[in-house]
Amino acid sequence: MSILAAFIDGLRRVQRAPWLVAGLWLSTVLLALPLAVMLHDQIGTHLGSSLAAQAAAEGVNYDWWNEFLAQASGVGQSFVPAILGFAAVLKNVSGVADATGLPLVIASVVIAHLAASMFLVGGALDRLARDRALGAGGFFSACGVYVVRFLRLGVMAAAAYWLLFVHLHAWLFDRLYPWLIEDLTVERTAFFYRMALYVVFAIPVLLVNLVFDYAKVRAVVEDRRSMIGALSAGARFVVRNPATIGLYALNSALFLVVIGFYFLVAPGGASNLLAFAIGQLYIVLRVVVRLQFAASQVALFQGRLAHAGYVARPLPKWPDSPAAEAIGPGV
Amino acid sequence: MAVSKRLGGQVLAGTVAILVLAGGERPAVQTPLSPRTANYDIDVTLDPGTRTLTGGETITWTNTGAMAAYSIRLHLYWNAFRNSESSWVKQRQLAGDDPFADTPAGDFGYSEIDTLQVLAEDGTPAADLKPALRYISPDDQNLDDRSLTAAELPVPIEPGQTLRLRVTWTGRFPKNFDRTGAIGDYFFVSQWFPKLGVFETGGWTAHQFFANSEFYSDFGRYDVRMTVPSGWTVGATGVEQSRSDAGPGRTTHRYVQADVHDFAWTTSPDFVEHQQRFEHEGLPAVDMRLLLQPEHAGQADRHFAATAAALRYYGEWFGPYPYGHITIVDPAFQSDSGGMEYPTLFTGGSRWWAPRQSNDPEAVVVHEAGHQFWYGIVANNETERGWLDEGFNEFADSRVQWEAFQPNYLAQRFFGGFVPWQFTDIALKRATDTNWMNSYRRAGDRDTLSTPTFRLWPGTHQNLSYHKTALMLHTLERRLGWDTMRKVMATFFDRWKFKHPQPEDFFATLNEVTQQDFTWFFDQVYRSSNLFDYGIERFTSEPIKSRGLMDSPEGPAFQEKTVEGMFRTTVVVRRLQAGQFPVDVLVTFGNGEQARESWDGLVRWQQYTFDRPVKAVSVAIDPERVLLLDTNSTNNSRAIEPATEAAATKWSLRWMVWMQDLLMTYAFFV
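All values reported here derive from a predicted model rather than from experimental measurement. (Residues numbered from 1 in each chain as written. Chains lettered and ligands numbered in written order. Predicted model: local features only at pLDDT ≥ 70, side-chain atom pairs only at ≥ 80, totals over all residues.)

Draft legend 1. Inspection of the overall build of chain B at higher detail. For chain B, the count of helices and strands is 14 helices and 32 strands. Its C-alpha atoms put chain B at 110 × 70 × 55 Å along the principal axes. Here chain B holds 670 residues, and the buried ones make up 49% of them. A sequence separation of at least 24 residues applies to 69% of the contacts in chain B between residues at least 6 apart. (Helix = DSSP H or I, 4+ residues; strand = E, 2+ residues; numbered from the N terminus. Buried ≥ 20, exposed ≤ 12 C-beta atoms within 10 Å, placed from the backbone. Contact = placed C-beta atoms within 7 Å.)

Draft legend 2. The arrangement of the overall build of chain A in detail. Helix and strand counts for chain A stand at 12 helices and zero strands. In sequence order, the secondary structure elements of chain A are arranged as α-α-α-α-α-α-α-α-α-α-α-α. Principal-axis analysis of the C-alpha atoms places the extent of chain A at approximately 75 × 60 × 30 Å. When burial is assessed residue by residue, chain A has 40% of its 331 residues classed as buried. In chain A, the share of contacts with a sequence separation of at least 24, taken over all contacts with a separation of at least 6, comes to 77%.

Draft legend 3. The interface of chain A and chain B, seen in detail. Counting from both sides, the interface comprises 76 residues of chain A and, opposite them, 64 residues of chain B. Every element with two or more residues in the side of chain A that touches chain B is listed here: α2 (18–47), α3 (52–58), α4 (62–71), α5 (87–97), α6 (104–130), α7 (135–180), α8 (187–221) and α11 (273–305) of chain A. Element by element, the count of residues in the side of chain A that touches chain B is highest for α2(A), at 13 residues. Classifying every residue of the side of chain A that touches chain B by side-chain character gives 46 nonpolar, 20 polar and 10 charged. (Nonpolar A, V, L, I, M, F, W, Y, C, P; charged D, E, K, R; others polar.)

Draft legend 4. Spatial organisation of the sheet that holds strand β6 (residues 134–135) of chain B. If you trace the four strands from one edge of the open sheet to the other, you get β6-β7-β3-β11 (chain B), paired in antiparallel fashion. In the strand order of this sheet, the two ends are held by β6 and β11 (195–196) of chain B, each with one partner. (Pairing = 2+ DSSP bridges.)

Draft legend 5. Local environment of unusual backbone geometry. All names here are of chain B. Each neighbour pair has its own omega, and for Gln-406 with Pro-407 the value is -5 degrees, a cis peptide bond. Phi angles above zero are rare outside glycine, and Asp-259 is one such case at about 60 degrees. As for its placement among the helices and strands, Asp-259 is situated in strand β17 (residues 250–260). The buried category is assigned to Asp-259, around which 24 C-beta atoms lie within 10 Å. If you check the backbone angles, Gln-515 has positive phi at about 55 degrees while not being a glycine.

Draft legend 6. Fine view of the domain arrangement of chain B. All names here are of chain B. Domain parsing of chain B yields domain 1 (26–269), domain 2 (402–525) and domain 3 (534–639). Computed over C-alpha atoms only, the centres of domain 2 and domain 3 are separated by 33 Å. The interface is formed by 12 residues belonging to domain 2 together with nine residues belonging to domain 3. Counting only elements with at least two residues in the side of domain 2 that touches domain 3, the list comes to α10 (461–480) and α13 (519–525). Split by residue class, the side of domain 2 that touches domain 3 holds four nonpolar, five polar and three charged. (Domains from an automatic or database assignment.)

Draft legend 7. Structural view of α5(A). Every buried residue of α5(A) is accounted for by A:Ala87, A:Ala88, A:Val89, A:Leu90, A:Lys91, A:Asn92 and A:Ser94. Looking at the buried residues of α5(A), the elements they touch are α10 (243–265) of chain A together with β24 (409–414), β25 (419–427) and α14 (644–666) of chain B. Just downstream of α5(A), A:Ala99 is the residue with a positive phi angle, here 50 degrees.

Draft legend 8. A look at the sheet that holds strand β10 (residues 186–189) of chain B. All names here are of chain B. Taken in spatial order, the four strands of this open sheet run β9-β10-β18-β15, and their pairing is antiparallel. The open sheet has two edge strands with one neighbour each: β9 (181–183) and β15 (233–236). Neighbour-to-neighbour, the strand axes of this sheet turn through a mean angle of 10 degrees, independent of strand direction. In this sheet, strand β18 (residues 265–268) lies alongside β10 in antiparallel orientation, the contact comprising three bridges. Considered in β18, the bridge of Phe-187 is made with Thr-267. (Axes fitted to C-alpha atoms, helices over the stretch in contact; angles between N-to-C directions.)

Draft legend 9. Representation of the pairing of strand β19 (residues 272–280) of chain B. All names here are of chain B. Relative to strand β20 (residues 283–292), β19 runs antiparallel, the two sharing eight bridges. Note on β20: the bridge partner recorded for Arg-277 is Asp-287. Hairpin connection between β19 and β20: a loop of two residues separates the two successive antiparallel strands, and Gly-282 in this loop has a positive phi of roughly 90 degrees.

Draft legend 10. Inspection of the packing of helix α5 (residues 362–370) of chain B against helix α7 (residues 387–404) of chain B at higher detail. Residue and element names in this part refer to chain B. Where α5 meets α7, the axes come as close as 9 Å, and the angle between the chain directions of the two elements is 130 degrees. Taken together, the axis directions place α5 and α7 in an arrangement best described as oblique. Between α5 and α7 the crossing geometry is right-handed. In contact with Glu-362, Ala-363, Val-366, His-367 and Gly-370 of α5, α7 contributes Asn-393, Glu-394, Ala-396, Asp-397, Val-400 and Gln-401. Within the contact of α5 with α7, the residues separate by chemical class into four nonpolar, four polar and three charged. (Parallel < 35°, antiparallel > 145°, perpendicular 65-115°, else oblique. Left-handed = near helix turned anticlockwise from the far one by under 90°.)

Draft legend 11. Local environment of the pairing of β25(B). Residue and element names in this part refer to chain B. Two strands pair when backbone bridges link them, and β24 and β25 are joined in this way by six bridges, in the antiparallel orientation. Among the inter-strand pairings, Tyr-409 is bridged to a residue of β25, identified as Ala-427. The antiparallel pairing of β24 with β25 creates a hairpin that spans four residues between the two strands, and Phe-415 there sits at a positive phi of about 50 degrees.

Draft legend 12. Main features of the environment of B:His303. Residue and element names in this part refer to chain B. Along the chain, the position of His-303 falls in helix α4 (residues 300–317). Sequence-wise, His-303 and Gln-141 are 162 residues apart; in three dimensions their C-alpha atoms are separated by 43 Å. Each residue touching His-303, except ones within four places of it in the same chain, is listed here: Leu-290, Leu-292, Ile-328, Asp-330, Gly-348, Pro-361 and Val-365.

Draft legend 13. Just the confidence of the model for chain B, in detail. Residues and elements named next belong to chain B. Summarising the model, chain B shows a mean pLDDT of 93, and 96% of its residues fall at 70 or more. Taken as a whole, residues 1–24 scores under 50 in pLDDT and shows 23 contacts with residues more than four places along the chain or in a different chain. For this predicted complex, the interface confidence score (ipTM) comes to 0.95, while the overall pTM stands at 0.92. (pLDDT = per-residue confidence, 0-100.)

Draft legend 14. Highlighting helix α11 (residues 482–496) of chain B. Residues and elements named next belong to chain B. The terminal C-alpha atoms of α11, which comprises 15 residues, lie 21 Å apart, in line with the 21 Å expected from a rise of 1.5 Å per residue. Among the residues of α11, those classed as buried are Met-485, Val-488, Met-489, Phe-492 and Phe-493. Projected onto a plane normal to the axis of α11, the buried residues spread over an arc of 130 degrees and lie on a single side. Pointing more than 90 degrees away from the buried face of α11 are the exposed residues Asp-483 and Asp-494. Where the residues of α11 are buried, they touch α4, α10 and α12 (503–514). (Expected span 1.5 Å × (residues − 1). Arc of directions from axis to C-beta.)

Draft legend 15. View of the environment of B:Trp658. By the element assignment, B:Trp658 lies in helix α14. Assessed through the 25 C-beta atoms surrounding it within 10 Å, B:Trp658 is described here as buried. As for B:Trp658 and B:Arg442, which are separated by 216 residues in sequence, their C-alpha atoms are 27 Å apart. Excluding residues that lie within four positions of it along the chain, B:Trp658 makes contacts with A:Ile83 and A:Ala88.

Draft legend 16. Spatial organisation of the packing of α7(B) against α10(B). All names here are of chain B. It is the contact of α7 with α10, at a shortest axis distance of 7 Å, that shows an interaxial angle of 55 degrees. In terms of their interaxial angle, α7 and α10 are classed as oblique. For the element pair α7 and α10, the recorded crossing hand is right-handed. Between α7 and α10, the contacting residues are Trp-387, Glu-390, Gly-391, Phe-392, Glu-394, Phe-395 and Ser-398 on the first element and Leu-464, Ser-465, Tyr-466, His-467, Thr-469, Ala-470, Leu-473 and His-474 on the second. Within the contact of α7 with α10, the residues separate by chemical class into seven nonpolar, six polar and two charged.

This is the structure in structure tokens:
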């Protein structure tokens, strides 16, 4: 299977799994909503019945915003201008690239989302690999089957990312970069050094991500129990199939297209419901891209080593354990 | 080349021709504008390889005081960068910053006096002061600080008498510390020569070098010859008089400037030189010379426009710029020399990626150009009363930005601070943003403005001297009106140009021009650290009802009464902080009518009641926001039907999209 065929097949698989897209989008909503409610209350309390609310409702009341920030605590401190429009994307991507820490309250939600994603990813991969609807029972059954395996895999991934983000990042950006620019008098050169270091840093990060992606794919498609084996198999597949890198690049290009789209339409501070709708459309597209990575990688793997729709584990049946109710009377 | 351009494109053959045409001295200012109390004749050589300066200077100082001088004070500012024991570093450490924590051995700087002599009238040495020279630390008794020296004079200098000193010294550049130093081939040379203190009524005013404070010295004439590698561009206070060969690979540049109180210079082989002439009706023309970093080649027009705006508006508002020339230095990346003022020369500071419609570099260029007026011409003691120039200038530069550079959008930077993003929904406002309300709000009560600047709680110099003062002056502007405020400042400028004013001189000028006594105001904003916050405590508007025992022919009888068609609006306003300021209270009614009450703001709370045929819809205290020092304006108003829910919903949902994007960004790892 070619890169393009896998890419297109992946898109079709995602298209045929709208509930998966909706579910993952919903997971972001459900996790972000409690903090949004907290922020809503903080903003409401701070505004009270002030006339400042009118300007804040109609546009950006930057004077009030600054006052709020000066007095805010907890989630309120994350309510900064950089959440506006496309700056939100820059802030988040830049935060990862610069390994910037997150406030505790925000980090706790991110961790919760990572945990939820770890649970859901098995079901999502299973659904995309089978390329047919399994129902909620089938989906969550697969989630349950893979969650412990992916937890083990997650420990290995965390170790790899820890090495990269804590040690390699620190070496590149806290030691090498200052050394490179120590006597530099031209900012443009420093900018290019930094961009080059981002690329240098991104290469191992993306490779690790790629290998772990295929480890998950192989764990699901081949029903692997050993995650060390899955990781090894994933790495083998990547090494023997340079197309994996090409596909990753193509999916990354799709990601950039989505980002570019949001760059063009990202709302500022003036509008209200339309702005929220555009924001949610963007988040849905981000979910689609995330699933497209998985779906196209599954398609490529199945195309190269198995066949489309092949999954080693039998279709889950509910209940699939010999429960007493299933045995029935007189048997 | 620069000189020939200034003379309308004539090509001049050399130094002699220049001198003949210029009458021996090129600066436009020929007639003394200042007392020229301390005059410096300096020769200095830069060795870029070892980053050292070797110099000799003759100081001619006249005692303009009322008493004899028995000693001298000489500043050696570069010793602040000598080691981690200097008072400058200790103050930085107190602010939580340790600039020398990882400094390599070669990056420290120093200044050492080699010889110090009193000269006789014929120029021959009359007395050797070097043996008597000692380091003093009158401000903090730090015996390890070497930024200030003293030496007893063999013969007192009586009022009106002149002292001539000959000093030779050696200095090594620190690496880019506190707006002086060197990095690569870029040298910014400030506070570099042994400099006298100021002899005033009470004796010498001379302080050690602290991180909080800047400088103070007498007006005089500077004749400086700087020897640097041939081919390197030199920018300096004053105007270049000549350029001569100084041996293999070296050139001496001579710059002269009178009626200034400091001299700074810079040299680098990398500068790209641009020139423009500022001309505006009613103001003297000024030749603007811009030394730009090559990577900022596209920003020449922005630097010139900002400088011209400062020259124009400050000139129109306060008084003309008298020197006829100004040099703008665009500092090298990482040089830490940006955003600093020196007479007829200043440093800006820009970024390689600098979006238009965000005032970077305009803000810093206007500010530093503005310092030519507040600091350069009106030369207050920055060490003790830094707010007099920094705050005045912040106030004025903010007004220039508002006049000349709109819109000015908020910009923030990402990816290591390199990639800017402009928020076109957030146009920065003069009153709060470019007066830096946030900065004042953070530290407004950490110290009082009347504390000598060098003693301010470390890290609060900007919050107080710059930003509190700007807000304080803008508050006065809003109370008095711009025409009156401009007149106050213009009078102060005219009265104190080429002199050293004290805060009381400004207070007196304000009182005189306005014919009001503002002592009450300065007692709070200058002599105390009081904060201001007025707010609405209660706001109701309801039908007028009363119940209880009412008068009746039979005596007190119970009644419940409602006055049909009438509503009672009750407002309670409160002073929530110690600061007192008269404010208005404005109530708006449902039919559009408004009622305004003036409150002196002295007591802690005040109630107002209005009986009207319509309900009130809103109330605001200080509705025009005259009191910009009020740190919390959200509580300044209330509405009967506020849009709070709409605002809270809108912004929490907007925040939620950011949070979801963050979750999706981190989902990459799973």
